[in-house]
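Reading the structure
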Amino acid sequence: MTDRPILFSGPMVRALLDGRKTQTRRLCKDQPPPGVTIIRKTIRPFGKEPYHAFERRTKFGNFGGEVPVKISRGDRLWVKETHARVGDNGDDHMACPDLTRLVYYRADDVQPELSRWRPSIFMRRQDSRLTLLVTDVRVERLQDISEEDAKAEGVSQLASPEKDGRRHFTVPGHEAPIDEPTAKRAYAILWDWINGAGEWHKNPWVAAYTFTVIKQNIDQIEKVAA
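As the structure is a computational prediction, the values presented were derived from the model and not from experiment. (Residues numbered from 1 in each chain as written. Predicted model: local features only at pLDDT ≥ 70, side-chain atom pairs only at ≥ 80, totals over all residues. Heavy atoms only, no water.)

1. Quick word on the layout of surface pockets
Applied cut-off: Grid points spaced at 1 Å and placed over the protein atoms alone form the basis of the search, with a cavity being a set where a 1.4 Å probe fits but cannot get out and a pocket an open set showing protein on both sides within 12 Å along at least five of seven lines. Lining residues have an atom within 4 Å of a point. Grid points are joined across faces, edges and corners, and a volume is the space filled by probe spheres set on the points. Segments assigned H or I by DSSP are reported as helices when at least four residues long, segments assigned E as strands when at least two residues long, and all are numbered from the N terminus. Under the scheme applied here, ten amino acids are nonpolar (Ala, Val, Leu, Ile, Met, Phe, Trp, Tyr, Cys and Pro), four are charged (Asp, Glu, Lys and Arg), and all others, including Gly, are polar.
Looking at the second largest pocket, its volume works out to about 270 Å³. What lines the second largest pocket is a set of 15 residues, and nearest its centre among them are Met-12, Thr-24, Arg-25, Arg-26 and Ile-194. Elements that contribute at least two residues to the lining of the second largest pocket include exactly strand S2 (23-27) and helix H4 (183-195). It is H4 that provides the largest number of residues to the lining of the second largest pocket, a total of five residues. Across the lining of the second largest pocket, the residue classes tally to eight nonpolar, three polar and four charged.

Printed below as a string of structure tokens:
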């Protein structure tokens, strides 16, 4: 078991807190080179015989020999999010020396006192309030996501299907209804909003992590267990 930090945006943090999100997909560092068609997990360069550089198997199944996946089942991820610290050893403490250290989280839509927002990358382990226990790791193509997995990414259905089969969905950060026939299509829109127009259609290899959300600081969990 390894403890690792992981960054989430404000809307994704709210989805974690609400119980809407129990999966996350992250781009694999290494991708097949341009001009390559993947057929049944086989690399087939144009005009050449196919080879299998991306077909070697990992202990998680699927493919992944050329794609490093650092996170494993049983790992604990402490969530880093946009925050503010009040009463720390910096300017805030100088302005109010008797103030007890407080942490504000931007996802809560509150305004910090005597402080400014710090990007999630700068969050300290002791200030994290969410811990994710990894229960499954897969390496797959982005568009292989299932309906259930799309919902586990935070996509929610608002209403029953209309006569034409359309459904209304919402996704984290964009609460206006999305008129799409499936949760997978709604997730495709979310992916492009986050990563840029057209990124869904590139269908990259991603690491898909399933986890249990624990609403506690990672070190507080150990203290409770003890």
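Right, picking up where we left off after that structure.
2. Quick word on helix H1 (residues 10-18)
Basically, it comes down to this: With a 1.4 Å probe rolled over the protein chains alone, any residue whose accessible area is under 20% of its type maximum counts as buried; one over 50% counts as exposed, and the rest are partly exposed. The directions from the helix axis to the C-beta atoms form the arc being described.
Those residues of H1 that fall on the buried side of the exposure criterion are Met-12, Val-13, Ala-15 and Leu-16. Down the axis of H1, the smallest arc covering the buried residues is 160°, so these residues share one side. Immediately beyond the C-terminal end of H1, within one or two residues, lies Gly-19, with a positive phi of roughly 80°.

3. Some thoughts on the sheet that holds strand S12 (residues 205-214)
Put simply, the rule is: In short, DSSP must find at least two bridges between two strands for them to pair. Lines fitted to the C-alpha atoms define the axes, with helices restricted to the stretch that makes contact. Angles between their N-to-C directions range from 0 to 180 degrees.
Spatial ordering of the open sheet is given by S1-S5-S8-S12-S2, a layout of five strands whose pairing is mixed. Across the chains shown, the open sheet's two edge strands, defined by having one partner strand only, are strand S1 (3-7) and S2. Across the sheet, the axes of successive neighbouring strands diverge by a mean angle of 40°, strand direction being ignored. Across ten bridges, the pairing between strand S8 (residues 131-141) and S12 is antiparallel. Note on S12: the bridge partner recorded for Glu-140 is Val-206.

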